Amino acid sequence: MALIESVTLEAADPTAAQQFYTAAFGADVPVRVRASEAPTDGFRGFTLSLIVSQPANADLLLGAALQAGATAIKPAAKSFWGYGGVVQAPDGTIWKVATSSKKDTAPASKEIDQVALLLGVADVAASKRFYVEHGLTVAKSFGRMYVEFAEAGPIKLALYGRRALAKDAGVPADGIGSHRLAISGAGPFTDPDGFLWEASKMAAAS
């Protein structure tokens, strides 16, 4: 299976959404935006995470997102696993910015170590089988709770139970309508939870 090259977020105002992402996270984040009026309400079933090296970087990115128009869902705080916070972009996408470190070791920067896409699914085991059948290799698996795939690339893919993912993000799990998300990689296909995969842009160009 091809790597996830990027994700495309669908927004009613794609120009404003793209301006937000550039201002908040920088121009290099592998996120694209396109227009869509597809109805959606509540939790859209996924979150995107920015993994950084230290708390100061998380604070800088979260602050930039809030200044650019995001809404705070979980203020940045320490926890047993590290440090981080959650915001919701003006287009409705939920973003977590986190680090496993609890101490700063360098000046703050917007450097992002990794981007992760977490899909909230109805049946983690069934979705795991689906993706393995489509060529992904499992790196970590915790029964019916969480699966992380091994493929390296711009965006790491992981599966979480829908309610568990919503709880981690700090939002109600209820939601209906479009995910407003397209994943550029090994498609075209649609997974068991309705997440749309499109053909790799690099493969299409070769």
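Residues numbered from 1 in each chain as written. Predicted model: local features only at pLDDT ≥ 70, side-chain atom pairs only at ≥ 80, totals over all residues. Heavy atoms only, no water.

Chemist: Give me the overall build of the chain: which residues, what numbers.
Modeler: Check the secondary structure of the chain and you find five helices and 14 strands. In terms of its C-alpha atoms, the chain occupies a principal-axis envelope of roughly 45 × 40 × 40 Å. Among the 206 residues that make up the chain, the fraction classed as buried is 45%. Pairs at least 24 apart in sequence give 64% of the contacts found in the chain among residues at least 6 apart. Element-wise, carbon and sulfur atoms account for 56% of the exposed surface of the chain, whose accessible area totals about 9,700 Å². Averaging the positions of the 19 positive and the 20 negative side-chain charges in the chain gives two centres separated by 7 Å. (Helix = DSSP H or I, 4+ residues; strand = E, 2+ residues; numbered from the N terminus. Buried < 20%, exposed > 50% of the residue type's maximum accessible area, 1.4 Å probe, protein only. Contact = heavy atoms within 4.5 Å. Areas by Shrake-Rupley, 256 points an atom, 1.4 Å probe, with all protein chains shown as cover. Lys, Arg positive; Asp, Glu negative; His and termini not counted. Charge placed at Lys NZ, Arg CZ, Asp CG, Glu CD.)

Chemist: Outline the pairing of strand E7 (residues 94-99), listing residues and values.
Modeler: Here E7 lies mainly inside the structure; six of its six residues are buried. As paired strands, strand E4 (residues 46-51) and E7 are joined by four bridges and run parallel to one another. The residue bridging leucine 50 from the neighbouring strand is valine 97, located in E7. Looking at chain direction, strand E6 (residues 82-88) and E7 are connected through six bridges and run antiparallel. From the neighbouring strand, tyrosine 83 faces E7, where its bridge partner is threonine 99. (Pairing = 2+ DSSP bridges.)

Chemist: Explain the sheet that holds E6 to me, and be specific about the residues and the numbers.
Modeler: Here we have eight strands laid out as an open sheet, ordered E5-E6-E7-E4-E8-E11-E10-E9, and mixed in their pairing. At either end of the open sheet lies a strand with only one pairing partner, and these are strand E5 (71-79) and strand E9 (138-142). Averaged over all adjacent pairs, the angle separating strand axes in this sheet is 15°, with direction ignored. Sheet topology places strand E10 (residues 146-149) next to strand E11 (residues 155-161); three bridges connect them, and they run antiparallel. Pairing of glutamate 148 across the sheet is with alanine 158, part of E11. Running at roughly 10° to E6, helix H2 (residues 55-68) makes contact with E4, E5, E6 and E7 of the sheet. (Axes fitted to C-alpha atoms, helices over the stretch in contact; angles between N-to-C directions.)

Chemist: So what's going on with the packing of helix H1 (residues 14-25) against H2? Which residues, and what values?
Modeler: A pair of packed helices can be characterised by two numbers: the angle between their axes and the separation between those axes. Packing of H1 against H2 brings their axes to within 8 Å, and their N-to-C directions diverge by 145°. In terms of crossing hand, the pair formed by H1 and H2 is right-handed. On the side of H1, the interface is formed by Phe20, Ala23, Ala24 and Phe25, while H2 contributes Leu61, Ala64, Ala65 and Ala68. Here the residues of the contact of H1 with H2 are counted per class, giving eight nonpolar, no polar and no charged. (Left-handed = near helix turned anticlockwise from the far one by under 90°. Nonpolar A, V, L, I, M, F, W, Y, C, P; charged D, E, K, R; others polar.)

Chemist: Can you tell me about the pattern of salt bridges, naming the residues and giving the values?
Modeler: It is possible for side chains of opposite charge to pair when their charged atoms get near one another. Enumeration over the complete set of coordinates arrives at six salt bridges. In this structure, arginine 44 and aspartate 91 form a salt bridge, with 3.9 Å as the shortest nitrogen-oxygen distance. Here arginine 44, found in the loop between strand E3 (40-42) and E4, pairs with aspartate 91, found in the loop between E6 and E7; they are 47 residues apart in sequence, far enough to count as distant. Given a relative accessible area of 8%, arginine 44 falls into the buried group. One salt bridge in this structure joins lysine 96 and aspartate 168, with 3.1 Å as the shortest N-O distance. In this pair, lysine 96 sits in strand E7 while aspartate 168 sits in helix H4 (residues 162-169), placing the two residues 72 residues apart along the sequence. Connected through shared salt-bridge partners, Glu10, Arg34 and Glu198 make up one network. (Salt bridge = Lys/Arg side-chain N within 4 Å of Asp/Glu carboxyl O.)

Chemist: Report on the layout of surface pockets, specifying residues and quantitative values.
Modeler: Which parts of space are left empty comes out when a probe the size of a water molecule is rolled across the atoms. If you add up the space inside the largest pocket, you get close to 680 Å³. Ile51, Lys96, Leu118, Tyr146 and Glu148 are the residues nearest the centre of the largest pocket, which is lined by 23 residues in total. Elements with a minimum of two residues in the lining of the largest pocket: E4, E7, strand E8 (114-121), E9, E10, E11 and H4. In terms of residue class, the lining of the largest pocket is made up of 13 nonpolar, five polar and five charged. One number sums up the size of the second largest pocket: a volume of about 210 Å³. Lining the second largest pocket we find 13 residues, and of these Lys74, Trp81, Lys96, Lys167 and Asp168 sit closest to its centre. Breaking the lining of the second largest pocket down by element, the ones donating at least two residues are E5, E6 and H4. Counting residues per element, the lining of the second largest pocket draws most heavily on E5, which supplies five residues. Residue composition of the lining of the second largest pocket, by class: five nonpolar, three polar and five charged. (1 Å grid on protein atoms, 1.4 Å probe; cavity = no way out; pocket = protein on both sides within 12 Å on 5 of 7 lines; lining within 4 Å. Points joined across faces, edges and corners; volume = space filled by probe spheres on them.)

Just distances and angles here, no functional claims.
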